[in-house]
Amino acid sequence: MAVSADHIREKLTKELGAVHVDVEDTSPNRCAASFKVLVVSPQFEGKPLLQRHRLVNTCLAEELKEIHAFEQKTLTPEQWDKLKQQ
């Protein structure tokens, strides 16, 4: 399975009800081996960081088998709004 930034974005949006997803291929040659993501989802409300990351990792379990490096930032919509205002 070929993993792409678009595929990751679509899957996180659909399965986590994300209202905002940024996906950046951080591989040296953009070869889809390393990604950095920002996920904003109401499903993260009231959950600690580790639980949020587990939700993302579970959602992308198959894709993560193909990815060598994966960095994620997970925010609630309220946290995202505050960050945008800064």
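Trainee: Is there a simple way to think about the packing of helix α1 (residues 5–16) against helix α2 (residues 49–59) in this case?
Mentor: Helix-helix packing is characterised by the crossing angle of the two axes and by the distance between the axes. Orientation of α1 relative to α2, taken along the N-to-C sense of each, is 115 degrees, at an axis distance of 10 Å. The hand of the α1/α2 crossing is right-handed. Between α1 and α2, the residues in contact are Lys11, Leu12, Glu15 and Leu16 and Leu55, Val56 and Cys59, respectively. Classifying every residue of the contact of α1 with α2 by side-chain character gives five nonpolar, no polar and two charged.

Trainee: Is there a simple way to explain α1 in this structure?
Mentor: Each α-helix winds once per 3.6 residues, and so residues spaced three or four apart point in a common direction. Its 12 residues place the ends of α1 16 Å apart at the C-alpha level, agreeing with the 16 Å of an ideal helix rising 1.5 Å per residue. Ala5, Ile8, Lys11, Leu12 and Leu16 are the residues of α1 that are buried. Each buried residue of α1 lies within a common arc of 135 degrees when the element is viewed along its axis, so the set occupies one face. Turned more than 90 degrees away from the buried face of α1, the exposed residues are Glu10 and Lys14. In this structure, the buried residues of α1 make contact with β1 (20–25), β2 (34–40), α2 and α3 (61–64). Gly17, located one to two residues past α1, shows a positive phi value of around 60 degrees.

Procedures and definitions
Residues numbered from 1 in each chain as written. Predicted model: local features only at pLDDT ≥ 70, side-chain atom pairs only at ≥ 80, totals over all residues. Heavy atoms only, no water. Axes fitted to C-alpha atoms, helices over the stretch in contact; angles between N-to-C directions. Helix = DSSP H or I, 4+ residues; strand = E, 2+ residues; numbered from the N terminus. Left-handed = near helix turned anticlockwise from the far one by under 90°. Contact = heavy atoms within 4.5 Å. Nonpolar A, V, L, I, M, F, W, Y, C, P; charged D, E, K, R; others polar. Expected span 1.5 Å × (residues − 1). Buried < 20%, exposed > 50% of the residue type's maximum accessible area, 1.4 Å probe, protein only. Arc of directions from axis to C-beta.

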